[in-house]
Amino acid sequence: MIRNYLKTAWRNIVNNKFYATINVAGLTVGLVVGIFMLLWVQDELSFDKANTNADKIYKVGIVGGTGISKQIFNNIIAPVATFAKSEVPEVKDAVRIMALGDAPFKYKDKVFIEPDFAFVDPSYFTVFDFPLIKGDKRHPFQDNSSVVITASTAKKYFGDEDPIGKVVMMGQDQQAKVTGVIADYPANSSFKYHIMMPTSMYNYQGYVKNKRTYDNKSFVSSMDGDWSQFGFQTYLLLKSDVNMAALEKKLQAIHERNKPEDAPVPYLTQPLLQMHLYKADGTDGGFSTVRTFGIVALMILIIACINYVNLSTARSMLRAKEVSMRKIIGADKFQLFMQFMVETAFLFVISAVFAFVLMFVLLPYFNQFSGKQITFSLTNYNIWLCIVATLLGTLAASSIYPAILLSSFEPLKALKGKVTVGIGNVAFRRILVVTQFAVSIVLIIGTLVIGNQLKFIRNKNLGYDKENIISVSMRQDMKDHFEVVKNELLKNPGVLAITRAGRNIVTDGSSTGDSDWDGKPANSNMWFNQIYADKDLIPFFKMKITEGSNFKGVVADSAHFLINETAVKEMGLKDPVGKRLRVQTITGTIIGVVKDFHFNTIHKKIEPAVFQYNPNYCWNLYIKTTGKDAQKAIASTQGLWKQYNNDVPFTYAFLDETYAKLYTTEQKQGSLFNLFSAIAIVISCLGLFGLATYSAQVKTREIGIRKVLGASVGKIIALLASEFMVLIIIAIVIAMPLAWFAMQGWLQDFAYKINITWGVFIIASVGATLIALATISIQSIKAALANPVKSLKNE
Amino acid sequence: MIKITNLEKFYRTEEVETIALNKLTMEVNTGEFVAIMGPSGCGKSTLLNILGMLDDPDEGSYMFNGIEIAHFNERKRADLRKHNIGFVFQSFNLIDELTVFENVELPLIYTGVSSADRVKRVEEVLDKMQIMHRRNHYPQQLSGGQQQRVAIARAVVNKPKLILADEPTGNLDSSNGNDVMELLTDLNEQGTTIIMVTHSEHDARYSHRIIRLLDGQTVMENIMV
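Here the residue numbers are simple positions, counted from 1 along each chain's written sequence. As they are written, the chains are lettered A onward and the ligands numbered 1 onward, keeping that order. Selection of residues for local features in this predicted model requires a pLDDT of at least 70, selection of side-chain atom pairs for listing and counting requires 80 or more, and totals for whole chains, interfaces and linings are taken over all residues. Hydrogen atoms and water are omitted, and side-chain values are computed over all heavy atoms in the structure.

Peer 1: Pulling in residues and values, what's your account of the overall build of chain B?
Peer 2: Looking only at helices and strands, one finds seven helices and ten strands in chain B. Taken over C-alpha atoms, the radius of gyration is set against a globule rule of 2.2 Å times the number of residues to the power 0.38. Taken over C-alpha atoms, the radius of gyration comes to 17 Å for chain B, in line with the 17 Å a tight globule of 225 residues would show. For chain B, the spread of C-alpha atoms along the principal axes amounts to about 50 × 40 × 35 Å. Per-residue and other accessible areas were derived by the Shrake-Rupley procedure at a 1.4 Å probe size, with only the shown protein chains allowed to occlude residues. Accessible area of chain B: about 9,900 Å², with a carbon and sulfur share of 46%. Secondary structure elements follow DSSP: runs of H or I no shorter than four residues count as helices, runs of E no shorter than two count as strands, and numbering proceeds from the N terminus.

In structure tokens, the structure reads:
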């Protein structure tokens, strides 16, 4: 029986190559794109799940600031973990991570700047599933100067030699002996530290060897006694069924008991499994994108299924005779149903084979494009599950309806040509076409909106000049000789100006809530973003002073502050210039107000900022060049770098590129959406093309009669095209509000955004209409130009 | 074998009701060869379809081998049909995607005959119809006469008790038409009951009895000698 089904299926494909090609092409493209996107979604949802204790690990954060400056700090003070372990019964274990980043390591003549360096508690290797593959599992660190590295780092430093016992130099003078190696992190891990030293080493360097003070009076004895430095990522391993709200209160109580002046300092916890896609406060941090992509993947698969359903039901009339005969001969409904299921499955297998070949070929590009490391390994159960589920789901969606329809023909009527695929069926197909185009149009509108927002980001006046600026993160020696470096660089004709700052001007930096000013409201807990500057910073970046004056570069400036307009507003000051302000240990006067500028991504509203004159804290060197001389400027900076910091490789960045990187996610989304809408429209057009061809075939006789009666070619094209154009117009009407809501949601994530204008809708609608019209016209023109005598004879 | 009594069938559109069969009564015995004749629209085809259980009557009784089937549902009718009735059509109605062999094999597949038995029986019947040499050809590659022989082979392969033929020579030239009629006569002589609708007096002469219909009623019966 099955053999007979397959035989018929194969011969049907061979006899109808045109439709088979359209079907296979549509399904193949749909499957490739759909599966790739679902794999991406699956990967995003799988982050950190590999940890055995994943559901019992929580990250601890605190809420700082009020009003516009309210924010969540993911890095907290060190002692909370220690207290929690001893005082809070729900806590089984705790891990602290102090990620410093960009640490120079040296082995023999090899020098590496390691961005993924961190001090970690030894529990890092047991609370998470990062067990040592070499070294003593129970004691990953033998002493303060031990270091644990990943397998690939071991390879990088020591090649094939045994890494255990090897000594590397950290910075100038700190020896570090390798005592453990862990396996490389899976691609879907939120943790990527490749070189880890014990937190006890941090304690030694930061509190024992170098004394630490916050008030210039007393020294902090250890990091466990330091209630001021918010620098540790803290993870708690909890027992089962913990009341999280109560736990948060306990943590808050520990903090406030030990440092009453911070109160209130609400604590919050975030499940490890939510870290990748949610922000610390539980708001969206990427999940909506994952959801959108999942929905778009399903939409594309649905479009591909619709193609199949549309074409096969449209063509069902042509198979009515065959079906009837089979019934008269003795086939029952189920046997026919199975026959059509097998036919669809057969076509599907062909498409799936093509899809696999394509996916295999495209995988490297997909990985590059998406930043994933997905492999089609046989052992990767989840990937195959995703692929098989997609295939089966799509198969079911496209096979059942046509099979039911075809198998339920009444044989007698079908044989006589009076097939009962009347109004209902036609209406159903129309709904399908409308759905396809509505989806395509939504995607086109989405693409346009994303594109416009990206353009808006690129062209937005940030309130400072970021063009042709090179930034270099200085090291101690170079920083200490800043004036010499500056004068040397300025001799270079391509260098227009030099300045320095305490933070990278386009990204996040440090902030503080430890402040006071004349007339500070009692309930205010406003936080300042701190920008350490020299006197050239404001003119260098072409920022504007709206009131008062800039720093003059004199000693007295160390007690002077500049604040931004948002700070003025949030502080509730009328005439800020001349007012007293204390920030941490420095008490001084506000000497000027800086016009608001975006020192962060435009996802965030501009926050209060304070400029403090402290060249000593200015680690960032900024060089303004003419653009064409940028390379010369880089070369001479590198020369100077070698003079001062020869032990560390020279790195630099263009500020506008750093800025662009803030929006990498959006740019990727933008290009993915371009791709998706192109594919959706291509698949939809394939279906439309098939339907138009079919429609022209069915109407051959009608067209012939009309032509004999004197209809012009133009009229006939209009007749054929209008049938479909009505559908496209309905699709547009449905798509517009859907797209508007969807994109309004996407834009919600930006504090500064474009308005969705009518132009977007018009471009998308006209575009879709033209593409559809072009698709239909090919067939319509062919049908209209045909000789009527021939077409009437055909019937 | 067949006994119909006061059979009625109407076709209704919104405005018009047409009576296709008007209290028709007739009987066909096992082993008979009956021709049904009459002008276009007299109800011949409607009658044949009801006899073939492709359609159900609105009123009246239809006894098939002593069983009342007038009110059988589609599934029961289909089951009875596939074991008892073979069809031959004017336009052959072979399935274009299947070869001669496969077309003839199809009824056996649907009644669940084993593969080995199928080959044997199909070859047997193709041989009988003298179309064996064309077994791997597709219908489009055959002449009209050959196609109708394949259709007859398909109709008889399941060894039905009754063959219903709807103008079996209508699309054939006279020589091929005669061949087909000879085949049907042979089958009848071997015991198969045949009911044939025809416009052709020539073909009707092959039968034992001619029933003439007009406006859904029997107007005359001729017994052939």
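Peer 1: Which residues make up the packing of helix α20 (residues 664–698) of chain A against helix α23 (residues 758–785) of chain A, and what are the values?
Peer 2: Residue and element names in this part refer to chain A. It is the contact of α20 with α23, at a shortest axis distance of 9 Å, that shows an interaxial angle of 25 degrees. Put simply, α20 runs roughly parallel to α23. The two elements α20 and α23 cross, and the hand of that crossing is right-handed. Taken together, the residues of α23 that come into contact with α20 (itself represented by I681, C685, L688, F689, A692, T693 and A696) are A768, I771, A772, T775, I776, I778, Q779 and A783. Each residue gets one label: Ala, Val, Leu, Ile, Met, Phe, Trp, Tyr, Cys and Pro are nonpolar, Asp, Glu, Lys and Arg are charged, and the others, such as Gly, are polar. Here the contact of α20 with α23 is composed, by residue class, of twelve nonpolar, three polar and no charged. Interaxial angle, 0 to 180 degrees, is taken between N-to-C directions of lines fitted to C-alpha atoms, where a helix line uses only the stretch in contact. Should an angle fall under 35 degrees it is taken as roughly parallel, and over 145 as roughly antiparallel, whereas 65 to 115 is taken as roughly perpendicular and any remaining angle as oblique. What makes a crossing left-handed is the near helix being turned counterclockwise from the far one by less than a right angle; a clockwise turn instead makes it right-handed. What makes two residues a contact is simply this: any of their non-hydrogen atoms within 4.5 Å.

Peer 1: Which residues make up the interface of chain A and chain B, and what values go with them?
Peer 2: Every contact between the two is made by 23 residues of chain A and, on the other side, 21 residues of chain B. What counts as buried area is the accessible surface, traced by a 1.4 Å probe, that two parts surrender upon association, with contributions from both included. Buried surface at the junction of chain A and chain B, both sides included, amounts to about 2,200 Å², of which 57% is carbon and sulfur. Whenever a carboxyl oxygen of Asp or Glu lies within 4 Å of a side-chain nitrogen of Lys or Arg, that contact is scored as a salt bridge. On inspection of chain A and its partner chain B, the count reaches two salt bridges. Residue E102 of chain B is joined to K7 of chain A by a salt bridge in which the shortest nitrogen-to-oxygen separation is 2.9 Å. Pairs of N or O atoms are called polar contacts if they sit within 3.5 Å, as long as, within protein, a hydrogen donor faces a hydrogen acceptor (for residues adjacent in sequence, only side-chain-to-side-chain pairs). Scanning the region where chain A abuts chain B turns up eight residue pairs in polar contact (both at pLDDT 80 or more). Elements with a contribution of two residues or more to the side of chain A that touches chain B: α1 (2–15), α9 (320–329), α10 (333–370) and α12 (411–415) of chain A.

Peer 1: Before we move on, can you summarise the domain arrangement of chain A with the specific residues and values?
Peer 2: All names here are of chain A. Each domain's extent is set by a domain assignment, obtained either automatically or from a database. Each domain of chain A was delimited in the assignment, giving domain 1 (1–47 + 286–421), domain 2 (54–274), domain 3 (426–460 + 663–795) and domain 4 (469–661). Placing a centre on the C-alpha atoms of domain 3 and another on those of domain 4 gives a separation of 52 Å. With twelve residues of domain 3 at the contact, the number on the domain 4 side is eleven residues. Between domain 3 and domain 4, roughly 1,000 Å² of surface is buried when both sides are summed, and carbon and sulfur atoms account for 50% of that area. For domain 3, the biggest contributors to the area lost against domain 4 are Y663, A751 and Y752; these three give 59% of the whole. Where domain 3 packs against domain 4, one counts zero salt bridges. Inspection of the region where domain 3 meets domain 4 yields eleven residue pairs in polar contact (both at pLDDT 80 or more). Of all the elements in the fold, those that place two or more residues in the side of domain 3 that touches domain 4 are α13 (423–459) and α20. Split by residue class, the side of domain 3 that touches domain 4 holds six nonpolar, three polar and three charged.

Peer 1: So what's going on with the sheet that holds strand β1 (residues 2–12) of chain B? Residues and values would help.
Peer 2: Residue and element names in this part refer to chain B. Should DSSP find at least two bridges between two strands, the strands are regarded as paired. Across the sheet, four strands lie side by side as β2-β1-β4-β5; this open sheet has antiparallel pairing. Whereas interior strands pair on both sides, the edge strands pair on one side only; in this sheet they are β2 (17–28) and β5 (67–68). Relative to β2, β1 is paired through eight bridges, and the arrangement is antiparallel. Pairing of R12 across the sheet is with E17, part of β2. Sheet strands touched by helix α1 (residues 44–51): β1, β2 and β4 (59–64). Its angle to β1, the strand with the most contacts, is close to 120 degrees.

Peer 1: Please give an account of the UniProt feature "transmembrane region" (unreviewed entry) in chain A that cites residues and values.
Peer 2: Residue and element names in this part refer to chain A. Look at the UniProt record and you will see "transmembrane region" (unreviewed entry) annotated at residues 20–41, 293–311, 345–366, 381–406, 427–450, 672–695, 716–743 and 755–776. Helix makes up 100% of residues 345–366 and strand 0%, and the two end C-alpha atoms of the span are 27 Å apart. For the annotated span residues 672–695, helix accounts for 100% and strand for 0% of the residues, and the straight-line distance between the end C-alpha atoms is 34 Å. UniProt positions are given in the numbering used here, feature names are shortened, and annotations may be inferred rather than shown by experiment.

Peer 1: Any details on the packing of aromatic side chains? Residues and values, ideally.
Peer 2: All names here are of chain A. Centres within 6.5 Å are what make two rings of Phe, Tyr or Trp a pair, Trp counting through its six-membered ring; a difference in plane orientation under 30 degrees is then read as stacked, over 60 as edge-to-face, and the rest as tilted. By the definition in use, this model includes 49 aromatic pairs over all chains. Taking the centre distance of 4.6 Å and the plane angle of 85 degrees together, the rings of Y107 and F158 count as edge-to-face. Separated by 51 residues along the polypeptide, Y107 in strand β5 (residues 103–107) and F158 in helix α5 (residues 151–158) bring together distant segments of the chain. Across the pair, F158 and Y107 agree in class, each one buried. With a centroid separation of 5.2 Å and 55 degrees between ring planes, the pair formed by W746 and F750 is classed as tilted. Here W746 and F750 have matching classes, each one buried. Among the aromatic residues, those joined into a ring-pair cluster are Y124, F125, F128, F130, F141, Y185, F191 and Y235. Charge-over-ring placement is defined geometrically: NZ (Lys) or CZ (Arg) within 6 Å of the ring centre, and within 35 degrees of the ring normal. Over the aromatic face of W619 sits the side chain of K479, whose NZ or CZ is 4.0 Å from the ring centroid. The rule is simple: take the accessible area with a 1.4 Å probe, protein chains only, and divide by the maximum for that residue type; under 20% is buried, over 50% is exposed, in between is partly exposed.

Peer 1: So what's going on with the UniProt feature "domain: ABC3 transporter permease C-terminal" (unreviewed entry) in chain A? Residues and values would help.
Peer 2: Per the UniProt annotation, the sites labelled "domain: ABC3 transporter permease C-terminal" (unreviewed entry) are residues 295–411 and 675–785 of chain A. End C-alpha atoms of residues 675–785 of chain A are separated by 36 Å, and the span's content is 86% helix alongside 0% strand.

Peer 1: Give a description of the nonpolar core that names residues and reports values.
Peer 2: Grouped together as the largest cluster of nonpolar side chains are 117 residues, with contacts concentrated most on F437, Y464, I505, F541, M543, F597 and F611 of chain A. Looking at this core element by element, the count peaks at 15 residues for helix α2 (residues 17–45) of chain A. Throughout this description, the term nonpolar core refers to a set of buried Ala, Val, Leu, Ile, Met, Phe, Trp, Tyr and Cys residues connected via side-chain atoms within 4.5 Å. One finds L47, F64, L80 and I211 of chain B within the second-largest nonpolar core, a separate group that totals 47 residues.

Peer 1: So what about the packing of α10 of chain A against helix α11 (residues 381–407) of chain A? Which residues, and what values?
Peer 2: All names here are of chain A. With their axes 8 Å apart at the nearest point, α10 and α11 run at an angle of 145 degrees to one another. In the packing of α10 onto α11, the handedness of the crossing is right-handed. Together, K333, L336, F337, F340, M341, T344, A345, F348, A352 and F356 of α10 and W384, I387, L391, T394, L395, S398, S399, I400, A403, I404, L406 and S407 of α11 make up the contact between the two elements. Considering only residue class, the contact of α10 with α11 consists of 16 nonpolar, five polar and one charged.

Peer 1: Provide a residue-level description of the sheet that holds strand β6 (residues 85–88) of chain B, including the pertinent values.
Peer 2: Residues and elements named next belong to chain B. Taken in spatial order, the six strands make up an open sheet running β6-β7-β8-β3-β9-β10, and their pairing is mixed. In this open sheet, the two strands that pair with only one neighbour each are β6 and β10 (217–223). When strand polarity is set aside, the average angle formed by the axes of neighbouring strands in this sheet is 20 degrees. The strands that helix α5 (residues 144–156) touches are β6 and β7 (162–166); relative to β6, the one it contacts most, it runs at about 170 degrees.

Peer 1: Give me the lowdown on the pattern of salt bridges, citing residues and values where you can.
Peer 2: Residue and element names in this part refer to chain A. Inspection of the entire model under this criterion finds 38 salt bridges over all chains. Of the charged contacts, one joins D121 and R96 as a salt bridge, the two residues approaching to 2.9 Å between their closest N and O atoms. Taken as a pair, D121 in the loop between β7 (117–120) and α4 (124–127) and R96 in strand β4 (residues 91–99) lie far apart in primary sequence, 25 residues in all. By the burial criterion, D121 is buried, and R96 matches it.

Peer 1: Help me get a handle on the environment of N525 of chain A, residues and values and all.
Peer 2: All names here are of chain A. Along the chain, N525 falls in the loop between β20 (515–517) and β21 (528–533). A relative accessible area of 22% means that N525 is categorised as partly exposed. Spatially, the C-alpha atom of N525 lies 51 Å from that of L301, the residues being 224 residues apart in sequence.

Peer 1: A description of helix α6 (residues 174–189) of chain B should follow, citing residues and the corresponding values.
Peer 2: All names here are of chain B. To estimate how far a helix should reach, multiply one less than its number of residues by 1.5 Å. Helix length check: α6 (16 residues) gives 22 Å between terminal C-alpha atoms against 22 Å at 1.5 Å per residue, within 8%. When we look at burial in α6, the residues that qualify are G177, V180, M181, L183, L184, T185, L187 and N188. Once α6 finishes, G191 follows within two positions and takes phi at roughly 115 degrees, a positive value.

Peer 1: Tell me about unusual backbone geometry, residues and numbers included.
Peer 2: Trans peptide bonds make up the majority, and among non-glycine residues the majority have a negative phi. All names here are of chain A. Although it is not a glycine, N468 sits at a positive phi angle of roughly 55 degrees. Topologically, N468 is positioned in the loop between α13 and β17 (469–473). Residue Q584 is not a glycine yet carries a positive backbone phi of 50 degrees. Residue placement: Q584 occurs in the loop between β24 (580–583) and β25 (586–594).

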